[in-house]
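# Examining the three-dimensional arrangement
Residue strings, one per chain:
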Amino acid sequence: MRNYSVFDIIGPIMIGPSSSHTAGAARLAKVAAAISGGKIVRVEFHLHGSFAETYRGHGTDKALVAGILNMDPWDENLKNSIKIANERGIGVTFIPTDLGEVHPNTVKFIITKDDGNVTQVSGSSIGGGNIFIFDIDGQEVEFTGERPTILTKHQDLPGVISKISSILYQENINIANMRVYRKGKGKMATMALETDTQVTEEAMGKIKNIKEIENVKFINPIVEGVI
Amino acid sequence: MFVSTGKELLEICKEKNIPIWEYTIREEIEAVEVPREKVIERMKSTLHVMMNSSTYAQDNIVKSVSGLIGGDAYKIRKYAESGKTLTGEFMNKAMARAISSSEVNAAMGRIVACPTAGSCGILPAVIISAGEKLNSSEDQLIQGLFTAAGVGILIAKNATLAGAEGGCQAECGSAAAMASAAVVEMMGGTPEQALTAAAIVIKNILGLVCDPVAGLVEVPCAKRNIAGTVSALTTADLVMSGVYSKIPFDEVVWAMYKVGRQMPAELRETSQGGIAITPTALKLKKEIFKE
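These remarks concern the structure in this document.

Conventions we followed
Every chain's residues receive numbers from 1 upward, in the order its sequence appears when written. To label them, take the chains in the order written and letter them from A, then take the ligands in the order written and number them from 1. Confidence filtering applies because this is a predicted model: local features only for residues at pLDDT of at least 70, side-chain atom pairs given and counted only at 80 or more, and all residues used for totals across whole chains, interfaces and linings. Strands are runs of DSSP state E lasting at least two residues, helices are runs of H or I lasting at least four, and both sets are numbered from the N terminus onward. Labels follow a simple rule on C-beta atoms placed from the backbone: if 20 or more others lie within 10 Å of a residue's own, it is buried; if 12 or fewer, it is exposed; otherwise it is partly exposed. Think of each axis as a best-fit line through the C-alpha atoms, taken over the contacting stretch in the case of a helix, with angles from 0 to 180 degrees between the N-to-C directions. An angle below 35 degrees is treated as roughly parallel, one above 145 as roughly antiparallel, one from 65 to 115 as roughly perpendicular, and anything else as oblique. Less than a right angle of anticlockwise turn of the near helix away from the far helix marks a crossing as left-handed, whereas a clockwise turn marks it as right-handed. For the purpose of contact definition, each residue receives a C-beta atom placed from its backbone, and two residues are in contact when these atoms lie within 7 Å. Gly is placed with the polar residues, together with every amino acid not listed as nonpolar (Ala, Val, Leu, Ile, Met, Phe, Trp, Tyr, Cys and Pro) or charged (Asp, Glu, Lys and Arg). The criterion for strand pairing is that DSSP finds at least two bridges linking the strands in question.

## Some words on unusual backbone geometry
- Following Gly11 of chain A, the chain continues into Pro12 of chain A via a peptide bond in cis, with omega recorded as 5°.
- Here Pro12 of chain A is to be found in the loop between helix H1 (6-9) and strand E1 (13-15).
- The omega torsion of the bond from Gly16 of chain A to Pro17 of chain A falls at 5°, within 30 degrees of zero and hence cis.
- By the secondary structure assignment, Pro17 of chain A is in the loop between E1 and helix H2 (19-36).
- Unusually for a residue other than glycine, Asn17 of chain B sits at a positive phi of about 55°.
- Within the fold, Asn17 of chain B resides in the loop between helix H1 (6-16) and helix H2 (20-32).
- Even without glycine at this site, Glu269 of chain B takes up a positive phi of about 65°.
- When you line up the elements, Glu269 of chain B lands in the loop between helix H12 (249-262) and helix H13 (279-288).
- Glu269 of chain B gets classed as buried once you count the C-beta atoms within 10 Å, which come to 24.

## Things to note about the packing of helix H4 (residues 72-80) of chain B against helix H5 (residues 88-106) of chain B
All names here are of chain B.
- Running from N to C, H4 and H5 point in directions that differ by 165°, and their axes come no closer than 8 Å. As summarised for this structure, H4 and H5 are arranged roughly antiparallel, according to the angle between their axes. Every pair of crossing elements has a handedness; the one defined by H4 and H5 is left-handed. Across the interface between the two elements, Asp72, Ala73, Ile76, Arg77, Tyr79 and Ala80 of H4 pack against Glu89, Asn92, Lys93, Met95, Ala96, Ile99, Ser100 and Glu103 of H5.
- Of the residues that constitute the contact of H4 with H5, the class distribution is seven nonpolar, two polar and five charged.

## Structural notes on the interface of chain B and chain A
- Each partner contributes to the interface: chain B provides 42 residues, whereas chain A provides 31 residues.
- Of all elements in the fold, only H2, helix H3 (36-59), H5, strand E1 (110-112) and helix H7 (138-158) of chain B reach the threshold of two or more residues within the side of chain B that touches chain A.
- Top element by residues in the side of chain B that touches chain A is H7 of chain B. It accounts for eight residues.
- Within the side of chain B that touches chain A, the residues separate by chemical class into 27 nonpolar, ten polar and five charged.
- The pairing of E1 of chain A with E1 of chain B spans three bridges and is antiparallel. When the bridges of E1 of chain B are listed, Ile15 of chain A appears paired with Arg110 of chain B.

## With respect to the sheet that holds strand E11 (residues 213-219) of chain A
Residues and elements named next belong to chain A.
- What the four strands build is an open sheet, ordered E9-E10-E8-E11; its pairing is antiparallel. Where the open sheet ends on each side, the last strands, each with one partner, are strand E9 (175-182) and E11. Here the strands of the sheet are splayed against their neighbours by 15° on average, with no regard to which way each runs.
- Of the pairings in the sheet, the one linking strand E8 (residues 149-155) to E11 comprises six bridges and is antiparallel in character. Looking at E11, one finds that His154 is bridged to Ile213.
- Along the sheet, helix H6 (residues 160-170) contacts E8, E9 and strand E10 (188-195); its crossing angle with E9, the most-contacted strand, is approximately 160°.

Set out below in structure tokens:
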């Protein structure tokens, strides 16, 4: 039997009409934008299943663009997101498609930045505004964005993970969950590491400086605050 | 950890001589390890969102994104004040509040899912209307929300709050049950009477299917928020008069869960049955999603 917080029952505070098709979509896009980083100039949203069929009626399109613009799922400006994106010169395209054997509410983001770099992120909205990300640039991952998350791209060599965990230990940050994905021994690996508390600036700086790490992203959870 | 059954909840409330809302606050403090003031503060900001959503569409004509619904809260509010109503200004204002939140939701405004977005009109309408009538303070409204949350936790643990799993009885039915229990405690009723109200509300809505037209949270959802609101308010009076439920709360929740499991998928939020496949609904769907 699951345990519930009072605010699982009376909450979330959100922009309607649907926790999965609107709030969850905004959350997915906000995380995708954080994974991409940088100045985003163009986004293709490949919509699957129920997202593909009902995205206009549920405002899923507006919610997705709002997330790309870093809005929270309860931001009342969410419904004006497409207009705001246009004003900022961000191109958005919605493409209903079939992404295969995935959750009915799934979207694949193809995000282009001003330096021409492209990031691909896939994730699903699984109900009640909850989400998970399952693919980044063709690499399988799995995280929910409910906790502070560190995403690394690093060389698969002995000691890299230990370097990261000892930096977190020095800063008294507890690791809640950790997964490593790699194409093969010694090649590039991806790690999704979730922590119990916010990753400090200090720890971020030190992790960035580990020489085997090619790329690291820090994704903060989207937590409802006092409005 | 929050108790698992209504029976245990009543025992613990009796033993400690506290209402459901107080027990619910204490459990939340312990579970999330935050101070009491923080928990109350968060519920207060939740209440403020509810106040806005239940008022906005009464003062402004709000249209949904699809154009399917809108403007009813405004209409009902005007009528409520006309002096010509059958059920009185109190009930008509409650109905206007209920559909206001539903219209705000469908128009991409800010609401509180309580327990879901589709049933977001009921709890605010019931708590705020009862509070107005009873001259309740803001603290008392917040307490009512904790009573509702406690009842909702029990339903979530033993059944479901999702239309896709249990039909509309699980969404609007649960919302109305939570709301009715809250009003009973606001009126000075006992925890036992609060759960009695929740049980009666669920019994009266048992079997209600989830059949949204065009898959949108609009028709028939918005008006079911009105029905849930009226049921929650009248049941609170029923229980305060001394009427009891022959079947206890826990068993009613169990029955609701079983009925949900017995419902075919067509009647659980897939829009493949019920109102959603009537000729008019299919015609509306075509118009909304035209290329």
